[in-house]
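In case you want the letters, here they are:
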Amino acid sequence: MRTIFPFLTLVSLVTSSVVTFAQNANQAAVDTLTKDVAIAVFSNINQPKAQEIHTQLLLCGDGCDPQQVIRGVGSWDQVGAKMQELSELKNTQKFQLMSPGEANASIRKQLTRFYTAHKAEKPYSVPLSPAVQAQILAKIDGLLPPDEVQEGGTTAAGSPTATQPVSDEESDVSATALQISQLESQVKNEQEKQFWMILAGLIAGLLGGAAAVYFLLYKETKAEADRLRTENLQLSRSLDTARRNKPANVPRQPQDADQQKAKAYDVLRGELGANVDPLEAIRQLKQQPPAQSPEANPGIRSGQPVIEPESTLESALVQHQSPPTPVLPVPEPALAPARSEVFYFPPPDPNGQFDIAQKSDTLSPESAYRFSVSADNPSIASFRFEADPGRVARFLTYRNYMIEPACESENSYTSVHTRIAMRRDGQAVFENGIWRVKTKALIRYE
């Protein structure tokens with residue numbers, strides 16, 4: 001009894017060693033197949049990481065797992081998934097227990113199925129040419145010698161003859177592996193399709209939102225432009241009406257009549273003397289009683305006008321003039337004391353000139369600048385931006401035309417700014433009947 005027990009133990013150890021060797025040999029052959037296929041695939045890919053994977057596969061020995069090499073370098077997980085599909089055969093228990101000849105035949109079938117499934121893809125059809133496949137299978141034959149050709153059995157290549165079909169379990173293993181690979185491909189395609197659909201939806205949503213925002217801004221801008229056109233038209237009509245209703249200028253008397261009167265006054269003053277006031281002499285003549293009318297002369301009876309010579313008027317003035325009286329200086333009318341003035345203007349033109357016709361003594365909806373003129377120097381005015389609070393937004397919108405011709409800012413304008421703060425008053429000069437900006441005011445957008 002004691003002798004039988006050690007013998008059984010020895011037999012079991014030998015059996016397990018044979019099985020383990022068979023499993024390792026079959027799996028190593030599948031790894032060699034997978035590695036050689038990966039080497040053939042990566043040899044035709046001109047990319048840095050692909051070439052690095054190709055180099056490592058060439059350096060690793062027979063039986064190394066190419067999937068670990070691919071995962072270690074990275075960026076080529078798709079090819080790694082295909083290699084997983086090719087090496088799925090080694091994970092089945094039936095394959096691990098096969099004899100070398102049976103394992104060789106299964107590996108050939110697995111390579112044929114893999115090539116048939118992916119020959120439409122260039123990365124697999126081009127490198128896995130019949131010559132390359134023959135070299136790979138020759139290497140497999142060296143690891144797993146195929147069975148001898150038997151009558152009605154298998155061929156030397158390990159493929160089944162017409163009289164010996166493939167076993168059901170082996171077909172199921174390969175079919176299951178192929179189905180798994182197809183399902184993985186379908187799932188991956190669905191995921192890619194969903195990703196692109198989501199991306200397309202996001203892009204369409206962004207484009208739609210951008211279009212909506214554009215149309216809203218266009219609508220608001222158009223409405224504001226129409227409102228400004230209407231206001232400008234109303235202002236133009238009001239200005240035309242004001243100009244038409246202005247009274248005509250009073251015609252001036254001819255300059256010749258003024259010169260004649262001045263000459264006559266000088267002549268009269270020269271005849272009366274420097275110490276006699278001509279105005280006083282004329283008043284005294286008016287206060288004297290009228291003289292007796294002389295007898296009618298023939299000229300008057302006949303209806304002919306009589307023109308007395310100038311000497312008669314001069315003699316009458318000399319006879320009736322009173323004794324010389326001291327000439328009192330005529331007091332000049334007192335000038336009103338000069339005072340400061342405040343008025344308002346709409347925005348100037350692009351040249352910085354304010355329209356004097358739009359000057360206003362009070363703040364109006366169109367006013368934008370407040371002028372202060374000192375009595376000491378009425379041709380120089382200081383001005384500052386001062387507008388109706390309800391109109392500031394409009395001035396900010398059209399700041400290029402309404403603010404910048406007369407002001408310069410400390411900061412840049414953005415859409416969040418809603419008001420204008422003064423930092424320094426500007427200066428304007430009155431030249432040729434118009435007010436013109438000399439020094440721009442300093443403002444800040446807030």
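Calculation notes
- Residues numbered from 1 in each chain as written.
- Predicted model: local features only at pLDDT ≥ 70, side-chain atom pairs only at ≥ 80, totals over all residues.
- Heavy atoms only, no water.
- Patch = residues over 30% accessible without salt bridge, like charges linked within 9 Å, V, L, I, M, F, W, Y side chains within 5 Å.
- Areas by Shrake-Rupley, 256 points an atom, 1.4 Å probe, with all protein chains shown as cover.
- Salt bridge = Lys/Arg side-chain N within 4 Å of Asp/Glu carboxyl O.
- Helix = DSSP H or I, 4+ residues; strand = E, 2+ residues; numbered from the N terminus.
- Axes fitted to C-alpha atoms, helices over the stretch in contact; angles between N-to-C directions.
- Left-handed = near helix turned anticlockwise from the far one by under 90°.
- Contact = heavy atoms within 4.5 Å.
- Expected span 1.5 Å × (residues − 1).
- Buried < 20%, exposed > 50% of the residue type's maximum accessible area, 1.4 Å probe, protein only.
- Arc of directions from axis to C-beta.
- Phe/Tyr/Trp six-rings, centres within 6.5 Å; stacked < 30°, edge-to-face > 60°.
- Core = buried A, V, L, I, M, F, W, Y, C linked by side-chain atoms within 4.5 Å.
- pLDDT = per-residue confidence, 0-100.
- Nonpolar A, V, L, I, M, F, W, Y, C, P; charged D, E, K, R; others polar.

To continue, consider a nonpolar patch on the surface. On the surface, Phe195, Trp196, Leu199, Ile203 and Leu207 cluster together into a nonpolar patch covering about 540 Å² of accessible area. Relative to the helices and strands, Leu199 resides in helix α9 (residues 168-244).

Right, let's get into the packing of helix α2 (residues 48-59) against helix α3 (residues 66-73). The interhelical angle for the contact between α2 and α3, taken along N-to-C directions, is 145 degrees, at an axis separation of 10 Å. The handedness of the crossing between α2 and α3 is right-handed. On α3, the residues that touch Lys49, Glu52, Ile53, Gln56 and Leu57 of α2 are Pro66, Val69, Ile70 and Val73.

Between its terminal C-alpha atoms α2 stretches 17 Å, which fits the 16 Å expected from 12 residues at 1.5 Å a residue. Listing the buried residues of α2 in full gives Ala50, Ile53, His54 and Leu57. What you see down the axis of α2 is that its buried residues fit within an arc of 100 degrees, all on one side. In α2, the exposed residues that point more than 90 degrees away from the buried face are Pro48 and Leu59.

Turning to the packing of aromatic side chains, a few remarks are in order. Tallied over the entire structure, the rule returns 20 aromatic pairs. When the centroid spacing of 5.1 Å and the interplanar angle of 75 degrees are considered together, the rings of Phe345 and Phe371 count as edge-to-face. Highlighted residues: Phe345 in strand β1 (residues 341-345) and Phe371 in strand β3 (residues 369-373), separated in sequence by 26 residues. Note on accessibility: Phe345 and Phe371 belong to one class, buried. Where Phe354 meets Phe371, the ring centres are 4.9 Å apart and the plane angle is 85 degrees; that geometry is what we call edge-to-face. Taken together, the positions of Phe354 in strand β2 (residues 353-354) and Phe371 in strand β3 put the pair 17 residues apart, joining distant regions of the chain. The same class applies to Phe354 and to Phe371, which are both buried.

A separate point is the nonpolar core. With 32 residues, the main nonpolar core has Leu33, Val37, Phe42, Met83 and Ile107 as its most contacted residues. Counting only elements with at least two residues in this core, the list comes to α1 (4-42), α2, α3, α4 (77-86), α6 (100-118) and α8 (130-143). Those residues in contact with Val37, other than ones at most four positions away along the chain, are Met83, Leu86, Leu111, Phe114, Leu128 and Ile136. With 26 residues, the next largest nonpolar core counts Phe383, Ala387, Ala406 and Ile443 among its residues.

This brings us to the confidence of the model for the chain. Chain-level statistics for the chain give a pLDDT mean of 76 and a share of 70% at 70 or above. Put simply, helix α12 (residues 298-301) is where the chain has its lowest mean pLDDT, 46, and β3 is where it has its highest, 96. Throughout residues 1-22 the model reports pLDDT below 50, and contacts reaching past four residues in sequence, or to other chains, amount to 2 contacts.

As a packed pair, α4 and α6 sit with axes 10 Å apart at the nearest point and diverge in direction by 140 degrees. Along the contact surface, α4 presents Lys82, Met83, Glu85 and Leu86, while α6 presents Gln110, Leu111, Phe114 and His118. Of the residues that constitute the contact of α4 with α6, the class distribution is 4 nonpolar, 2 polar and 2 charged.

On to the pattern of salt bridges. Tallied over the full model, the rule gives 19 salt bridges. Of the charged contacts in the structure, one is a salt bridge between Arg108 and Asp141, with a shortest N-O distance of 2.8 Å. Here the residue Arg108 occupies a position in helix α6, and Asp141 occupies one in helix α8, the gap between them amounting to 33 residues. The buried category is assigned to Arg108, whose relative accessible area is 16%. For Arg227, the salt bridge is made with Glu231, and the minimal N-O distance between the two is 2.6 Å. Taken together, the residues span about one helical turn, with Arg227 and Glu231 both in helix α9 at a distance of 4 residues. On the basis of relative accessible area, Glu231 is assigned to the buried category, the value being 16%. One network of salt bridges, with partners in common, ties together Glu224, Arg227, Glu231, Glu366, Arg391 and Arg394.

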